[in-house]
Amino acid sequence: MKLARGPFLILLTVALAVPAEAADPVQEARVLGRWRDPAVLGPLLTEACDAVEAVVGATFEQRPTIQPSSQGEIERILHQGEAGERGMLETTPDSSRAFFAYFEPLSRTIHLVPEALVAVARAAGDPELLSDEVLRTVLVHEATHALDFERFPVRWVLACCSASDERLAIEAVLEGHAQLVAEEVARSRETEDAFERLTGL
């Protein structure tokens, strides 16, 4: 199993064969309900944006919104997106990977697909992946991307890249920053276990 990241998405490679005994249908249903509830997601995103601002030392001009989404919706956005965004989809085999979180720059929306992380938690036999602390880590990561896209001309730079290695270099900087901020926030909250559990997939 592998967790791959780009400048505005988190991509989970999930096992195709999932052992039924690893799943807890009651917990999964509860988590899916919570992670699709605007009353839950809104405050968690506000908390994430506050944390990102504190660590980065910059303030959002416009905070991102959050939307429960689906694999198909994210793929549709990527297909219709700009050059830098479309490039992320090329490395995504439909049968083995799943989007969990994706920051859409044009609408400044964080798309969340809880079913993807539920599938990974089931495959790994690790119910701790379904904790709100793991979701908080993801939201801090994506909120950092949102702030970076606001502070820097990221979309323009990615669109102007003429070579794949140029785009990869820019993505690496963005990705490293998002991970650094997420790790710092986890340390301040004493939730390093959630950060390490997610990044260690």
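Residues numbered from 1 in each chain as written. Predicted model: local features only at pLDDT ≥ 70, side-chain atom pairs only at ≥ 80, totals over all residues. Heavy atoms only, no water.

Would you explain the overall build of the protein chain in this entry?
A tally of helices and strands in the protein chain yields nine helices and five strands. In sequence order, the protein chain lays out its α and β elements as β-β-α-α-β-α-α-β-β-α-α-α-α-α. The buried share of the protein chain, taken over its 201 residues, is 49%. Counting only contacts in the protein chain whose residues sit at least 6 apart along the sequence, the fraction spanning at least 24 positions is 75%. Carbon and sulfur atoms make up 53% of the accessible area of the protein chain, which totals about 9,200 Å². (Helix = DSSP H or I, 4+ residues; strand = E, 2+ residues; numbered from the N terminus. Buried < 20%, exposed > 50% of the residue type's maximum accessible area, 1.4 Å probe, protein only. Contact = heavy atoms within 4.5 Å. Areas by Shrake-Rupley, 256 points an atom, 1.4 Å probe, with all protein chains shown as cover.)

How should the nonpolar core be read in this particular structure?
In a soluble, globular protein the nonpolar side chains are often hidden away together inside. Counting residues in hydrophobic clusters, the biggest one holds 50 residues, and the most contacted among them are Ile66, Phe100, Leu112, Leu135, Leu139 and Val140. Not counting residues up to four positions away in its chain, the partners in contact with Leu112 are Trp35, Leu41, Ile66, Gln67, Pro68, Ser69, Phe100, Ala101 and Leu135. (Core = buried A, V, L, I, M, F, W, Y, C linked by side-chain atoms within 4.5 Å.)

Sorry if this is basic, but what is going on with the environment of Leu147 here?
You can see Leu147 is positioned in helix H6 (residues 132-151). Judged by relative accessible area, which is 0%, Leu147 ranks as buried. Each residue touching Leu147, except ones within four places of it in the same chain, is listed here: Val52, Val56, Ala58, Thr59 and Phe60.

Even after reading the chapter, I still don't get the side chain of Thr137, so can you show me in this structure?
Structurally, Thr137 is set in helix H6. With a relative accessible area of 7%, Thr137 lands in the buried category. Apart from residues no more than four positions distant in its own chain, Thr137 is found in contact with Ala182, Ala194, Phe195 and Leu198.

What's the story with the environment of Arg197 in this structure? I'm lost.
Here Arg197 lies in helix H9 (residues 192-199). Separated by 71 residues in sequence, Arg197 and Asp126 have C-alpha atoms that sit 9.3 Å apart. The residues contacting Arg197, other than those within four sequence positions of it, are Asp126, Glu128 and Leu129. At a separation of 2.7 Å, a polar atom in the side chain of Arg197 contacts the side chain of Asp126. (Polar contact = N/O pair within 3.5 Å; in protein donor to acceptor, adjacent residues only side chain to side chain.)

When you look at the confidence of the model for the protein chain in this model, what are you seeing that I'm missing?
Close reading of the predicted structure is inappropriate where its pLDDT is low. Here the protein chain averages 80 in pLDDT, while 79% of its residues score no lower than 70. The least confident element of the protein chain, judged by mean pLDDT, is helix H4 (residues 83-89) at 40; the most confident is helix H2 (residues 38-56) at 97. Segment residues 1-5 is flagged for pLDDT under 50; beyond a separation of four residues in sequence, or across chains, it makes 24 contacts in the model. Low pLDDT, under 50, characterises residues 13-21; the stretch is placed with 14 contacts to residues that sit more than four places away or in other chains. (pLDDT = per-residue confidence, 0-100.)

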